[in-house]
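Fold and contact review
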Amino acid sequence: MLSFVLRRLAVAIPTLVLVSMLVFGLQKLLPGDPVLAMAGEDRDPQVIEQLRERYGFNDPVPVQYVHWAERVLQGDLGTSLRTHQTVTTLLAEKLPPTIELAVLSMLIALAIGIPTGILSAVRKGTWTDHLANVVALSGLSIPHFWLGILLILLFSVTLHWLPAVGYVPFGGDPAANLVAMIMPSVVVGGGLAAALMRHTRSAMLGVLKSDYVRTARAKGLLSPAVILRHAFRNALFPIVTMSTLLFGELLGGAVLTEQVFTIPGFGKLIVDAVFNRDYAVVQGVVLCVAAAFLLLNLIADVVYMLINPRLRRPR
Amino acid sequence: MSADPSVLPEDVVLAVEGLSIGFGGSPVNLVDGVSLTVRRGRTLAVVGESGCGKSITSLALMGLLPHPPARIGHQSARFQGIDPLTLGQRAFADLRGDRLAMIFQEPMTSLNPVFTVGDQITEVVLRHKKVGRSEALARAVKILNQVRIPAAEQRLSAYPHELSGGMRQRVMIAMALVNGPDLLIADEPTTALDVTIQAQILSLIEDLQATTGTAMLLITHDLGVVAETAHDVAVMYAGRIVESGPVEALFADPQHPYTVGLMGAMPQMGRREGRLLSIPGSVPAPALFPAGCRFATRCPFADDACRRSVPPATVVTPGHSVSCWKAPLEEHIVR
Ligand SMILES: Nc1ncnc2c1ncn2[C@@H]1O[C@H](COP(=O)(O)OP(=O)(O)O)[C@@H](O)[C@H]1O
Ligand code: SF4
Ligand SMILES: [Mg+2]
């Protein structure tokens, strides 16, 4: 097991290096000059030249990359060209709300998507199945931000049950934080639940047709054991894959939802950084997301090993 | 068959009369009026070409054929004093894996890949018997030894993918027999296996049947398997039993033109598909079945009466009966 994890890490590290090169290289190809953006209105050539020297923009690109990578390895992701905060500070500040939103949304998605997916596969072709499918399709086709606005109008403006905006850090006031996160998590989680439901349903439909499920019935097992023990355990593999992908996407920030509910998360940080050509921030964010993605995939691989004996003990 | 006076009622483990199975909107019964009797300590083989309805018949008898979409009808059925085909889901499930067990054609996919052999065998013990885990494990080891799996105790922790096809089928047989069923239904248990393994599994089934006395319904498309393993045989064509009786009687004096054709094409032991070389043509699609004898489209003796009305079962000798207007056949072959 440990050797498996180490082998996976050995693959993950070159991937991360490659990602960092791509990120760094692509930044250089993007149109627009950050120094011009910094130099302000008058664009004094001397100031511009000084800035170029100071930030190392006159070095060849590979040299710039190596310098940057060295600093990254020491935990220095650079400084935002705009706010002059260190990128590490920015990440530490913006990451928690996004992670919280991702975790809460994922929990909601799993809690709704998997049971309804199982139910609708078991009751395939009945009204339960049709209803679940219609709800899921609507969930997939309604834009998150629009649903968010509707919920705000209903629960905040009309009913006054929940706060419309105003993110409170979890550390500050956990209860207020959770209350503020209800609507955004439901909005994002609901959409993911729909995707998970569809996936669970089709995985279960495949497995329920399998010979070993027929064997389970031939043993006289009752439906709960057949469905949950024999079928669901095997349907779990594609569900783990799907959940990993969805969660990874969430870590990149649910941009519009964060905007609608004014959550100071990753989504806004990325958008602002890209528009302002804030290289250091964009690089830091993408690197951070890539690392999180690789970590997630590692976790998913370990989960696979745990639930799939064919991987754990290959012949 | 049930008309045979030599069969004592207490010897009959399963008797089903007039079993019919159709699907969905189609009015044709794919299985039509099938009657079978399986006797204590004996093996009844149901033999017929692929697609003739053997599997859906056995699944229906196990309560494993979902209905709807299937339509299952029968005149009567008797298994250990009850009619299983009228049981509710829960009561039928109580029989399955306990008094009534089944093994399938596909050993590679019939075991659950995520559970160990030990878990899968003890599961069926714990489901039906009031015993603890250690007793269930002991029974699992015992039955694995009986199906001649080497190092049975170590195999308990093996996963299906760590076993060969033959070993997996042995595990399936062990799982079916661990609770000492009254009837074992085996649907082409050797068809998917290599030739040498086929012979081993067949002789294992034969030996187990002889030692345990379990009645067996053996489904096969292979007359070689019938000759090797069965005591009684029912020949199925297009969903109907066309001839049935003790193996010796039927092999010595086949009466139905289809049976005669099958014998002419009796495959070598181990051949995967028994092609019916001596019977021209092929089974028509169910929608094109003749109103009368379903074999009429291929039968050299067919006439208008055959096409019009279904031939009733007639007794040739006690226990041996045939459904053909032209039986006894000798009178028609010798002009
Ligand atoms: N669920 C189903 N719906 C419709 N037709 C079916 C279904 N299952 C089996 N059949 C049909 O029933 C016939 C008998 O099938 P089967 O019992 O598997 O044959 P055998 O086991 O003798 O090869 C085949 O023609 C098959 O196409
Ligand atoms: S009833 Fe007629 S068609 Fe059918 S098998 Fe006998 S002779 Fe042939
Ligand atoms: Mg079959």
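So, a few notes on the structure that sits alongside this text. (Residues numbered from 1 in each chain as written. Chains lettered and ligands numbered in written order. Predicted model: local features only at pLDDT ≥ 70, side-chain atom pairs only at ≥ 80, totals over all residues. Heavy atoms only, no water.)

1. So, helix α7 (residues 144–158) of chain A
All names here are of chain A. Put simply, the rule reads: In this text, helices come from DSSP runs of H or I with a minimum length of four residues, and strands from runs of E with a minimum of two, each type numbered from the N-terminal end. Expected span of a helix, by definition, is 1.5 Å for each gap between consecutive residues, and there is one gap fewer than residues. By definition, a residue's bend is the angle between the axes fitted to the seven residues ending there and the seven starting there. We call two residues in contact whenever any of their non-hydrogen atoms come within 4.5 Å of each other.
Helix length check: α7 (15 residues) gives 20 Å between terminal C-alpha atoms against 21 Å at 1.5 Å per residue, within 8%. Remark: the principal bend of α7, roughly 30°, maps to Ile-152. Buried residues along α7 sit against α8 (174–208) and α11 (255–260). Directly beyond the C-terminal end of α7, a positive phi value near 55° is found at His-160.

2. Thoughts on the pattern of salt bridges
Convention followed: When a carboxyl oxygen of Asp or Glu is within 4 Å of a side-chain nitrogen of Lys or Arg, the pair counts as a salt bridge. Each residue gets one of three labels from its accessible area relative to the maximum for its type: buried under 20%, exposed over 50%, partly exposed in between, using a 1.4 Å probe on protein chains only.
By the definition in use, this model includes 22 salt bridges over all chains. As a salt-bridge pair, Glu93(A) and Lys94(A) come within 3.7 Å of each other at their nearest N and O atoms. A relative accessible area of 18% means that Lys94(A) is categorised as buried. In this structure, Arg90(B) engages Asp94(B) in a salt bridge whose closest nitrogen and oxygen atoms are separated by 3.4 Å.

3. Some words on the site of ligand 1
Residue and element names in this part refer to chain B. The criterion, for reference: If a single non-hydrogen atom of a residue is within 4 Å of a molecule or strand, that residue counts as near it. Pairs of N or O atoms are called polar contacts if they sit within 3.5 Å, as long as, within protein, a hydrogen donor faces a hydrogen acceptor (for residues adjacent in sequence, only side-chain-to-side-chain pairs). Accessible areas in this description were obtained via Shrake-Rupley with a 1.4 Å probe; residue shielding takes into account the shown protein chains only. Each residue gets one label: Ala, Val, Leu, Ile, Met, Phe, Trp, Tyr, Cys and Pro are nonpolar, Asp, Glu, Lys and Arg are charged, and the others, such as Gly, are polar.
Near ligand 1 you find Phe-23, Leu-30, Glu-49, Ser-50, Gly-51, Cys-52, Gly-53, Lys-54, Ser-55 and Ile-56, and these make up its full shell. At 2.6 Å from an oxygen atom of ligand 1 is found a main-chain nitrogen or oxygen belonging to Gly-51. Here an oxygen atom of ligand 1 and a backbone polar atom of Lys-54 are 2.9 Å apart. Within the complex, 59% of the 570 Å² of free accessible area of ligand 1 lies under protein. Of all the elements, helix α1 (residues 54–62) adds the most residues to the shell around ligand 1, at three residues. Among the residues forming the shell around ligand 1, the class breakdown is four nonpolar, four polar and two charged.

Interpretation note: all reported values are geometric properties and have no functional meaning in isolation.
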